[in-house]
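Structural characterization, general
Here is what each chain is made of, one letter per residue.
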Amino acid sequence: VQLQASGGGLVQAGGSLRLSCAASGRTFRDWDMAWFRQAPGKGREFAAAIRWSGGTTLYADSVKGRFTISRDNAKNMVYLQMNSLNADDTAVYYCATTRRVAYSGLAVSSSYDYWGQGTQLTVSS
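Described below are features of the structure shown in this document. All of these numbers come straight from a predicted model, not from anything done at the bench. (Residues numbered from 1 in each chain as written. Predicted model: local features only at pLDDT ≥ 70, side-chain atom pairs only at ≥ 80, totals over all residues. Heavy atoms only, no water.)

The subject of this paragraph is the packing of aromatic side chains. Per the stated rule, a full pass over the model turns up five aromatic pairs. A ring pair is formed by F36 and W115, whose centres lie 5.1 Å apart and whose planes are at 55°; its orientation type is tilted. Note that F36 is positioned in strand β4 (residues 31-38) and W115 in strand β10 (residues 114-115), a separation of 79 residues in sequence. Judged by relative accessible area, F36 falls into the buried class, the value being 1%. Geometrically, the ring pair formed by Y112 and W115 is edge-to-face, given 6.3 Å between the ring centres and 70° between the ring planes. Take W115: its relative accessible area is 28%, and that puts it in the partly exposed class. Aromatic rings pair up to connect F36, F46, Y112 and W115 into one cluster. When the ring centre of W52 is taken as reference, the NZ or CZ atom of R100 above it lies at 3.8 Å. (Phe/Tyr/Trp six-rings, centres within 6.5 Å; stacked < 30°, edge-to-face > 60°. Helix = DSSP H or I, 4+ residues; strand = E, 2+ residues; numbered from the N terminus. Buried < 20%, exposed > 50% of the residue type's maximum accessible area, 1.4 Å probe, protein only. Lys NZ or Arg CZ within 6 Å of the ring centre and 35° of its normal.)

Attention now goes to the pairing of strand β3 (residues 17-24). When strand β1 (residues 2-6) meets β3, the two strands line up antiparallel, connected through five bridges. In the strand pairing of β3, L3 is matched with A23. The pairing of β3 with strand β8 (residues 77-82) spans six bridges and is antiparallel. By the bridge assignment, S20 is partnered in β8 with Y79. (Pairing = 2+ DSSP bridges.)

For the rest of this paragraph, the subject is the sheet that holds β3. Taken together, four strands build an open sheet; the order of strands is β1-β3-β8-β7 and the sheet is antiparallel. Each end of this open sheet is capped by a strand with a single partner; those strands are β1 and β7 (67-72). In this sheet, neighbouring strand axes are inclined to one another by 15° on average, regardless of whether the strands run parallel or antiparallel. Looking at chain direction, β7 and β8 are connected through six bridges and run antiparallel. Across the sheet, residue R71 finds its bridge partner in β8, namely V78. (Axes fitted to C-alpha atoms, helices over the stretch in contact; angles between N-to-C directions.)

Here it is, written out as structure tokens:
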């Protein structure tokens, strides 16, 4: 199982960016997927998650209304559309996946079995 995150970069405050995560090694149709992030000097924190069916999403309060997570099961892809970016969004973003987890576990990093290598987002103010 491999996850490959991409799409990070340098963007100005107020701008937008879309991250992508390509999953390979198995069919991820039945797997929940999430994005976590880790800012310099801080621990890894939850950003967004999406159920295997795509019908349920969950967001951290800090990104709610600005970020949108989506997935394309036919392509084994998950995306994170990020709008109205600010300096606090600067972090390494990681995608992660696990076989169906309880709703209460969607925002918990230890719930996830596989992680991508991370992609850096830097927001300049």
